Structure formats: C-alpha cells, structure tokens
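Geometric and topological summary
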Amino acid sequence: MSENVAVIGVGHSKFGSRKDVNIPELAWESIKPALDSANIEQKDIDFFVVGNAGVWSSEAAIPALMAEYADLAPKGSMRVEAACATGNAAIRVGYQAIKSGEADVVLVLGIEKMQESPNPTVIELIGRFGSYFWEFENFGLTFPGYYALHGTAYMMKYGATEEDYARVAVKNHYYGAKNPYAQFQKEVTIEKVMEPKYVAWPFKLFDCSPITDGSACVILASEEFAKDVEDKIWIHSQGVGTGTANLSRRSDFTSLESARYAAELAYKRAGIDMDAPYKYLDGANVHDCFTAPEIIAYEDLRFAKRGEGVQLIRDEQTYIGGRIPVNVDGGLKAKGHPIGATGVSQAVEAYKQLLSKAEPGRQAEIKHGRWLAHNVGGTGHYSYVTIYGLEKLKK
Amino acid sequence: MDEKLENHIEQYGFPIVPDEKSGALQWIDMRELRVKFIISVEKIKPFFEGLKEGKLLATKCKKCGRLFFPPQKDCPSCRTDEMDWVELSKEGQLETLTVLFVRPPSFANYDPYTVAIAKLDDGPRITAWLKGDPTKARPGMKVRVEVSKRKEGYYMYELVPVE
C-alpha cells in the first residue's frame, strides 16, 4: 500500500499535425523525457498503462507496440479508453495500482494519432461518442453539435453571447502562443474568432478544438520510491463521474452533472472548501474542447456560481493574475486535443506549473501549491477531476 | 485505386505519398476497412410498429410506473422486464437546439439541419430534427412531435413548432 502517489517524471511531444512520425515514434517523444526526468530505467517500471481511443488510427494493440519500441516487455500493461477523458482514465489505473500496493512505479502514456484518418472520417467517428442509435444514426449529431446544444442553452438562459465564447478562444490562443508544444502558436482576436462560418451554431471554427496528433507521458511512483526524488508533485485526489449516453436523458444543458459530481468527490477528498475552491488552487486545466464548455466548467468546478461563469471570462479572471488562471498551456483549443493524450498532458502541465517549470509568459504564481485538472469524455459521459499538489496531502 | 496513388507506387515502388502540407512521406493503407453495424431492435419492436401508425411509444414499468424514452426493455429500479408500451403525448417544450453546418459525410445529402431537444408534457425528453426557421426557435417554445418519412423512405419523427 502507498497512501500517496507522486508524479516523478513527465514528457510531452509537440502536438499538431505529426505526419513526420508514426505511432511508436510519437510515443517515444514523450516516453524518453519522462524516463529521463524521473531518472529511472525501464526495469524500474512495474506496470504501464496506455490511454488511446484509437478508432481513427491503424494500430490496435498499442501497449504491445510500446513494449516493443520502448523496451517495456514483459511488464504488465493495459489499454484504457474513456472517450476524450481517456488520458485521465489511464492515470486513474496507474494511481490505483500504486495506492493498492500492486505496483511501485507505473508509466502512463496517452497517445493519439488522429490524422492517420482524413478529417471527414474523424468527424464521422467522433459523432458516435454519444448514443449511437438515438443521436447519430438517426439525427447526425456531430461532436461540435453535442456541445453546441449546451452552448445554446447556456446563452439563452444566462445571456452569454457568441463574443463571450470567442473570449475563451482568445485567452487560450494567447497562452498557446507561449507554449512550444502547442498545435497553434498564434494569438487570435475576437473579430478573427467571429469571422468564419458556423460549424454547429453557435460554434464557428475557432470555437472548436482541432484534430490532433500527440503524446504525453507521466511516471507515477509510490511514496517509498519517490522519497529521494527531488522534482515531484503528488496526486491529492481524483473524482470520477459518469453521465447518460443520451443527452435527452439529462435534466439540464447548462452544466454537466458528472463533472459536478467528480469535482465534489475530488474537493472532499483533498479537503478543499467547496464554497471557494479557487482559494486553494493556483490554477486549473479544464476541458475546453469547445469554448462554451470552458465557461460551463468554471461553474461545474465552482470557480463561479451558476450563471456567473461568463462574467469570469469577461473580466479576464481566468488569465494569470485573475481569480484562477485556466488553460495557460493553450488548453485543448490551442494546444490541441489528441484524445488519449489530453488527460496526461494536463498532468504534465500540473507538474510544470507547480514546479515553476512552465515557459516564460505562461507560468502562474504558485502560492497554494495545488493545481486542478478537469477532463471530460464525450459530453459529460465521463468526467475526471484530479487535484495535484506540491506537498503531500496533509491528513 | 486512385491514379495518384498508382503513380506513386510506380515512382517509389511502394504506396508512399508525400503529405501535401509537410512533404513527410506517408504510407497509404492498402487495406480499406468499411464498416456497417447491425443493431438488434427485437425488444423494442413495438416502438417501430407504433411509429408506423403515427404513435410515439415509450415503455413504462408495470411495477413502479417509471417511464422510459428512448424506450428500454428493462426497468433498473425494479429489476424487472415487465413493461407496458404507452403512447406519449406529442406536445412539449423546446429546451435547446443547434444547427449542424459541418455534417458527417454520411449526412452529406442533407442540407444543414437543426437538432433540438424538447421536453414532452409527459416528462421524457426527445432529441430530433426541428422543422422550420431555427433563428425563430427559442427555449420554452411549444413544439409537437410529428411522425414523418425521411428522404430515404423510412419513418422517423421530427419536432415541429406549434404556431
């Protein structure tokens, strides 16, 4: 048993259109720096987990492919899938393996090579991450469409505008421009976001996260193994929630119940006051697969009261220096969203931020020593909220 | 096989093509996978029979009365499969909507369509295409469910604003 679990090493590939590498080569780009920064060898790893949704890419048996390319055989492994929360699901498996005492050191890799398929095929495949029969087969809902149903409901209920949603893209591109690993490293203006045609009203091109290739890797370790490691952070808690497949079985389209549930669990376990959790956190990564869900996440995570999340972005309270910096790595919006890698990439960001290793211009001030990651699969079909800390959790 | 690929096979000796943007060499998979799934509707057959007669049917647990739409065969509250088929009122209120401009290729033969969720007066919610001008649609607006035939010739239902 290990009461506490540490992140002792991280690696991150450049996200984007990675036509220059195949799947194992892309994986190695994050595995190698993760092993290096943890200062471990493959033989130290007891178990490895691969987060990979993978329906759009050629290879199916990814863990074995990694075992072969990265010298991880014959250690135990598993492939994990939870739609866009796949990366955090992989972290959960590693975290629990160490907590239970089954393993001391676990390598968690998140990887996705979405551009092995043409865009129309990817649109077709992602549309199936809801209830296939009642939503996709008969009504052709796309992924932007699922979230647009929420974006519209939020606008109509709370008076948010398309310009407000554009502000989220502007912020995330602003920070993406400072992140050398991001897919888009260019700032955008509200006018530029408002310009293109609609993808799924009210979302236009810049309201949507891109189709991305990328990998991210973290090395998790038990308290005993981590005790002599200098650069490390701790997993304070993790909450997981699940929603219904059909959106029509939800009672509300301005919030994700599974995310609220996961947040409550995570806050409770970490001893964080649910009335003002931002007072305990130095920053957060939230699942901004589209612009509107970032605002909804502010509320589901209680950074703002219901209906007031939009005011946070209007007042620039989620920039560095505001109430709580959010997605200062560019988020899914500008950093890119390689589905299986996203949750692991958020853990890499927590490590970099808490240890003050983020690139110039996007380093948050670390006062409380805690960082939150919110990773949603589907449209709240799966929600993971993970809280990372610089110090071990005080009981 | 397309001509471009054939040319490349001739040129490189392999199905290798430089990526249009980056120039990086890409192997084009020669094993095309086309999938079409076959989904059982045996246990919800009455739903389709009802639709043909213009009725919108849901299942209702005989024991606890819980109503299910989309219809499901089992009641997880009572752990029973003793269900009645009941007709839903086709009246309801619009809750949210979106207009799909970028469609999946399998919907390319349709113009941009509006997908909406409405709450029926009987309680359940329903997802369907919304007829009419989406710019005039607002949450809270009264809608009714109409059984209609799709372009492809089979029955489906849609939401229609009530004047």
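Residues numbered from 1 in each chain as written. Chains lettered and ligands numbered in written order. Predicted model: local features only at pLDDT ≥ 70, side-chain atom pairs only at ≥ 80, totals over all residues. Heavy atoms only, no water.

All names here are of chain A. Assignment of secondary structure puts lysine 335 in helix α13 (residues 331-335). Under the relative-accessibility criterion, lysine 335 is labelled buried at 4%. Within the structure, lysine 335 has its side chain in polar contact with the side chain of aspartate 329 (distance 2.6 Å). If we skip the residues at most four places from it in the chain, lysine 335 touches His12, Phe15, Asn179, Tyr181, Ala182, Gln183, Asp329, Gly330, Ser345 and Gln346. (Helix = DSSP H or I, 4+ residues; strand = E, 2+ residues; numbered from the N terminus. Buried < 20%, exposed > 50% of the residue type's maximum accessible area, 1.4 Å probe, protein only. Polar contact = N/O pair within 3.5 Å; in protein donor to acceptor, adjacent residues only side chain to side chain. Contact = heavy atoms within 4.5 Å.)

Attention shifts here to the packing of aromatic side chains. A complete count under the given rule lists 29 aromatic pairs over all chains for this structure. One aromatic cluster is present, built from ring pairs that chain together Phe133(A), Trp134(A), Phe139(A), Phe47(B), Phe48(B), Phe69(B) and Tyr157(B). Directly above the aromatic system of Tyr174(A) lies the positively charged group of Lys178(A), at a separation of 4.4 Å from the ring centroid. In this arrangement the basic side chain of Lys149(B) is found over the ring face of Tyr155(B), its NZ or CZ atom lying 4.9 Å from the centre. (Phe/Tyr/Trp six-rings, centres within 6.5 Å; stacked < 30°, edge-to-face > 60°. Lys NZ or Arg CZ within 6 Å of the ring centre and 35° of its normal.)

Residue and element names in this part refer to chain B. Entries for chain B in the domain assignment read domain 1 (35-88) and domain 2 (89-163). For domain 1 and domain 2, the distance between their C-alpha centres works out to 21 Å. Each side of the interface is counted separately: domain 1 has 10 residues, and domain 2 has 12 residues. Each partner contributes to the roughly 960 Å² buried at the junction of domain 1 and domain 2, and carbon and sulfur atoms together form 76% of this total. Of all residues in domain 1, Leu51, Phe69 and Leu88 give up the largest surface area on contact with domain 2, accounting jointly for 53% of the area buried on that side. (Domains from an automatic or database assignment. Buried area = accessible area lost by both parts, 1.4 Å probe.)

Let us now look at unusual backbone geometry. Omega for the bond connecting Trp201(A) with Pro202(A) falls within 30 degrees of zero, at 10 degrees, which places this linkage in the cis form. Looking at where Pro202(A) falls in the secondary structure, it is placed in the loop between β5 (198-201) and β6 (203-204). With an omega of -5 degrees, the peptide bond between Phe69(B) and Pro70(B) qualifies as cis. With respect to the helices and strands, the residue Pro70(B) is situated in the loop between β4 (67-68) and β5 (83-87).

All right, on to the interface of chain B and chain A then. Taken together, the contact pairs 43 residues of chain B with 33 residues of chain A. Contact between chain B and chain A buries roughly 3200 Å² in total, counting both sides, with carbon and sulfur atoms accounting for 66%. Counting every contact that joins chain B to chain A gives 1 salt bridge. Where Lys19(A) meets Asp19(B), a salt bridge forms, and the shortest distance between an N and an O atom there is 3.8 Å. In this structure, the connection of chain B to chain A is made through 17 residue pairs in polar contact (both at pLDDT 80 or more). (Salt bridge = Lys/Arg side-chain N within 4 Å of Asp/Glu carboxyl O.)

Here the focus is the pattern of salt bridges. Any two side chains of opposite charge can pair, given that their charged atoms come close. Here the structure, examined in full by the defined rule, presents 29 salt bridges over all chains. Where Lys73(B) meets Asp74(B), a salt bridge forms, and the shortest distance between an N and an O atom there is 3.4 Å. Looking at Asp74(B), the relative accessible area reads 37%, which means it is partly exposed. Residues joined by salt bridges that share partners form a network here, namely Glu349(A), Lys352(A), Glu359(A) and Arg362(A).

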